[in-house]
Amino acid sequence: WQLVESGGDWVHTGGSLRLSCVASGFSFSEYAAGWFRQAPGKEREGVSFISKAGDNTVYADSVKGRFTISRDNAKNMVYLQMNRLEPEDTAIYYCAVEFDRFGRLPRLETDYTYWGRGTQVTVSS
């Protein structure tokens, strides 16, 4: 299996980025997906989560209204559209997936087994 993130970059405050994560080696449509981030000196935190069918999404309060998670199961992709970026959004962003037979939509870092290596997002003021 493999998860590979892309789309991280350096932007000014107020800018936008779209992160992508491509999955391979497993039946992606059976897995819930999430985006996490880790800023320097801080613990990794959950940003957004999406159910395996894409019909349920959850956002951290800090990104609600600015970020949108989506997925395309036909392409084995999950996305994170990030708008109105702030310096506080600077972090390494990780894609994670977890088999979700019963549609629980896991939201804790410890719930997720499979992780990508991350992509760096830097927002300067």
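Relevant structure appears above.
Now for a description of the structure that goes with this document. (Residues numbered from 1 in each chain as written. Predicted model: local features only at pLDDT ≥ 70, side-chain atom pairs only at ≥ 80, totals over all residues. Heavy atoms only, no water.)

## Regarding the pairing of strand 1 (residues 2-6)
In summary, the side chains of a regular strand alternate between the two faces of the sheet. Burial along strand 1 is one-sided: the residues L3 and E5 are buried and none of Q2, V4 and S6 is. Relative to strand 3 (residues 17-24), strand 1 runs antiparallel, the two being bridged by five bridges. What sits directly across from S6, in strand 3, is S20. (Buried < 20%, exposed > 50% of the residue type's maximum accessible area, 1.4 Å probe, protein only. Helix = DSSP H or I, 4+ residues; strand = E, 2+ residues; numbered from the N terminus. Pairing = 2+ DSSP bridges.)

## A word on the pairing of strand 9 (residues 91-99)
Counting buried residues along strand 9, seven of its nine residues qualify, which places the element largely inside the surrounding structure. With eight bridges joining them, strand 4 (residues 31-38) and strand 9 adopt antiparallel strand pairing. Paired with A32 across the two strands is E98, which belongs to strand 9. Two elements, strand 9 and strand 11 (residues 119-124), share three bridges in a ladder whose sense is antiparallel.

## Considerations on the pattern of salt bridges
Tallying each qualifying case throughout the model produces seven salt bridges. D61 is the partner of K64 in a salt bridge, and the nearest nitrogen-oxygen pair spans 3.1 Å. Pair check on accessibility: K64 and D61 agree, each one exposed. If you follow the salt bridges from partner to partner, you end up with R37, E45, R66, E86 and D89 in one network. (Salt bridge = Lys/Arg side-chain N within 4 Å of Asp/Glu carboxyl O.)

## Quick word on the environment of D9
One can find D9 in the loop between strand 1 and strand 2 (10-12). Remark: the alpha-carbon pair of D9 and T90, spanning 81 residues in sequence, is separated by 9.9 Å. In contact with D9, not counting residues within four places along its chain, are L17, Q120, V121 and T122. (Contact = heavy atoms within 4.5 Å.)

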